[in-house]
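Single-letter residue listing:
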Amino acid sequence: MNKKIASYLGFARKAGKVMSGVNTCTFGIGKGKIELVILAEDISDNSKKKIMKELRRGQVPYITHGTVQELSQTIGQSGRSVIGICDKGFAEVILKESKEVES
């Protein structure tokens, strides 16, 4: 996992701008509270199908980054394959950093 993205996730969590888990993020997307979703690379097929349906409906951007274990450790919770960022500023810097990593 990219250290800068992990750092931004940690800051967002401390600021209370993170939702985690498939059901919580699905609800958050439906309410328009989530600006960016981060999916684990090893997310289960059923969870991915469920969250992708909501992402398309809510037109929320997403990235795939890290494993379930890495994402969970970064936000201090266990078994989290989906993380929702609820702040536009954090979402923009994480999205920008993920595009730089891909290049």
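Further up the page is the structure itself.
Residues numbered from 1 in each chain as written. Predicted model: local features only at pLDDT ≥ 70, side-chain atom pairs only at ≥ 80, totals over all residues. Heavy atoms only, no water.

Okay, the overall build of the protein chain next. When helices and strands are counted, the protein chain shows 5 helices and 4 strands. Helices and strands in the protein chain line up, N terminus first, as α-β-α-β-α-β-α-β-α. On the principal axes, the C-alpha backbone points of the protein chain span a range of 30 × 30 × 25 Å. Residues counted as buried form 42% of the 103 residues belonging to the protein chain. In the protein chain, the proportion of contacts linking residues at least 24 apart, taken out of those at least 6 apart, comes to 80%. Accessible area of the protein chain: about 6000 Å², with a carbon and sulfur share of 46%. Both charge centroids of the protein chain, one from 17 positive and one from 11 negative side chains, sit 7 Å from each other. (Helix = DSSP H or I, 4+ residues; strand = E, 2+ residues; numbered from the N terminus. Buried < 20%, exposed > 50% of the residue type's maximum accessible area, 1.4 Å probe, protein only. Contact = heavy atoms within 4.5 Å. Areas by Shrake-Rupley, 256 points an atom, 1.4 Å probe, with all protein chains shown as cover. Lys, Arg positive; Asp, Glu negative; His and termini not counted. Charge placed at Lys NZ, Arg CZ, Asp CG, Glu CD.)

Okay, the pairing of strand 4 (residues 82-85) next. The two faces of the sheet receive side chains in turn, since in a regular strand these alternate between them. Along strand 4, one buried face is formed by Val82 and Gly84 and the opposite face, lined by Ile83 and Ile85, is buried too. With 3 bridges connecting them, strand 1 (residues 18-20) and strand 4 associate as antiparallel partners. Residue pairing for strand 4: Ser20 is matched across the bridge by Ile83. The pairing of strand 2 (residues 36-39) with strand 4 spans 4 bridges and is classified as antiparallel. Across the sheet, the residue bridging to Leu39 is Val82, located in strand 4. (Pairing = 2+ DSSP bridges.)

Given 3.6 residues per turn, any residue in an α-helix points the same way as the ones three and four places further on. Those residues of helix 2 (residues 22-30) that sit buried are Val22, Cys25, Thr26, Gly28 and Ile29. The arc enclosing the buried residues of helix 2, seen along the axis, measures out at 165 degrees, which places them on a common side. Across from the buried face of helix 2, at angles greater than 90 degrees, the exposed residues are Asn23, Phe27 and Gly30. At the C-terminal side of helix 2, Gly32 shows a positive phi close to 75 degrees. (Arc of directions from axis to C-beta.)

Moving on: the sheet that holds strand 3 (residues 62-64). Read across the open sheet, the 4 strands follow the order 1-4-2-3; overall the sheet is mixed. Where the open sheet ends on each side, the last strands, each with one partner, are strand 1 and strand 3. With strand direction ignored, the average angle separating the axes of adjacent strands in the sheet is 20 degrees. Note that strand 2 and strand 3 share 3 bridges and pair parallel. Each residue of the ladder has a partner; that of Ile38, found in strand 3, is Ile63. (Axes fitted to C-alpha atoms, helices over the stretch in contact; angles between N-to-C directions.)

This part is about the pairing of strand 2. The side-chain alternation of strand 2 yields two buried faces, one formed by Leu36 and Ile38 and the other by Val37 and Leu39. Where the polypeptide runs from strand 2 across helix 3 (residues 45-58) and back to strand 3, its parallel neighbour, the crossover connection is right-handed. (Right-handed = clockwise from strand over helix to strand, strands pointing away.)

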